[in-house]
Amino acid sequence: MSTRPVVAELARRLARADRVLVLTGAGVSAESGVPTFRDALTGYWSRYRAEDLATETAFRREPVLVQRWYAERQRLLEKVRPNDGHRALTDLACLVPILTLVTQNVDGLHQRAGSEDVAELHGRLSVSRCIECGGVGESLEPTGDLPARCTDCGGLIRPGVVWFGEALPERALRDAEAAAERSDVALVVGTSGLVHPAAALPSMARAGGAYVAEINTARTPLSPDADVVLLGPSGTLLPALVEAVREVRRAG
Ligand code: BV8
Ligand code: ZN
């Protein structure tokens, strides 16, 4: 089914919206070459589930293994760039009065595309810190079978992400929930809707009266509660949506 009429209706709503919430997940970075969270465990890592590595328990039990996984993902980030979907969200922010960009991603690509004030619910992969003194900036790359340790206090070095079982950054979550409750339109882009509390934001937006549009290459558990589901890659659909908003504005 053509997405054109759905895009046109969504563009009309965006063009007259005061407040827009955008929630992104790993799918928005897929076209930059960043494996999505569910696809990140390939090759050597395919024997693990993300939930088994992205926890403090796993880290304390096998620090070298967990440091290796994050160090490999950090190295990948040095090779990738924002894609047209990231850039389209930066353009959209210039077309609506208040756009709140909330991401579950830890890759920093929204900021590299020019987005400002991004609410990073799950932290930032490129930041490493000591679990004892909180010192930042040291590499979490293990040396052989020895875990990476803080040169100041000898504590283990961890990635600056939010692990399962850890609380989300208070300010980011509070801003995200406030934006969800007050938004006129909510775009939910490239997320499987499986990780909480982020996954509750679209239903909070809907409860607050927002028009909820999901953009994804596949239907998800969030789809039934969305007003519209646009199936396709965000790197194509988001630029098309921004162009449609511009057309609505030109038509006046
Ligand atoms: C917490 C950092 C409490 C690590 C991540 C109910 C309420 C509260 C908590 C829970 C709850 N139920 C369960 C929980 C516990 C848990 C949870 O949600 N578990 C899940 C597995 C059921 N939640 C937590 O533990 C959270 N903490 O609640 O703490 C607390 C409170 C006070 C004090 C102490 C504790 C913490 C969750 C954060 C975990 N950390 N990341 C790391 O990166 O290693 S989450 C991780 O998943 C990534 O950040 C990722 O972004 C995120 C979500 O996944 P998605 O982004 O959706 O990615 P995914 O691969 O799943 O899907 C990709 C999608 O893109 C797909 O739909 C695909 O179709 C689509 N796609 C692909 N290509 C494209 C595309 N779409 C468009 N275009 C394309 N080209
Ligand atoms: Zn330290």
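Residues numbered from 1 in each chain as written. Chains lettered and ligands numbered in written order. Predicted model: local features only at pLDDT ≥ 70, side-chain atom pairs only at ≥ 80, totals over all residues. Heavy atoms only, no water.

Trainee: Requested: an account of the packing of helix α5 (residues 84–93) against helix α9 (residues 234–251), with residues and values cited.
Mentor: In the contact formed by α5 and α9, the axes pass within 7 Å of each other and the chain directions differ by 25°. By the angle between their directions, the pair α5 and α9 is classed as roughly parallel. As for how α5 packs across α9, the hand of that crossing is left-handed. Only S234, G235, L238, P239, V242, V245 and R246 of α9 make contact with α5, whose side of the interface consists of D84, G85, A88, L89, D91 and L92. Of the residues that constitute the contact of α5 with α9, the class distribution is seven nonpolar, three polar and three charged. (Axes fitted to C-alpha atoms, helices over the stretch in contact; angles between N-to-C directions. Helix = DSSP H or I, 4+ residues; strand = E, 2+ residues; numbered from the N terminus. Parallel < 35°, antiparallel > 145°, perpendicular 65-115°, else oblique. Left-handed = near helix turned anticlockwise from the far one by under 90°. Contact = heavy atoms within 4.5 Å. Nonpolar A, V, L, I, M, F, W, Y, C, P; charged D, E, K, R; others polar.)

Trainee: Give a detailed account of the site of ligand 1, specifying residues and quantitative values.
Mentor: Near ligand 1 lie 38 residues; those nearest to it are R38, Y70, G165, S192 and N216. Measuring from a nitrogen atom of ligand 1, one finds a backbone N or O atom of S234 at 3.0 Å. Contact with the protein chains hides 73% of the accessible area of ligand 1, taken as 1500 Å² for the molecule alone. In terms of residue count, the dominant contributor to the shell around ligand 1 is helix α4 (residues 63–77) (three residues). A breakdown of the residues in the shell around ligand 1 according to their chemical character gives 17 nonpolar, 16 polar and five charged. (Near = heavy atom within 4 Å. Polar contact = N/O pair within 3.5 Å; in protein donor to acceptor, adjacent residues only side chain to side chain. Areas by Shrake-Rupley, 256 points an atom, 1.4 Å probe, with all protein chains shown as cover.)

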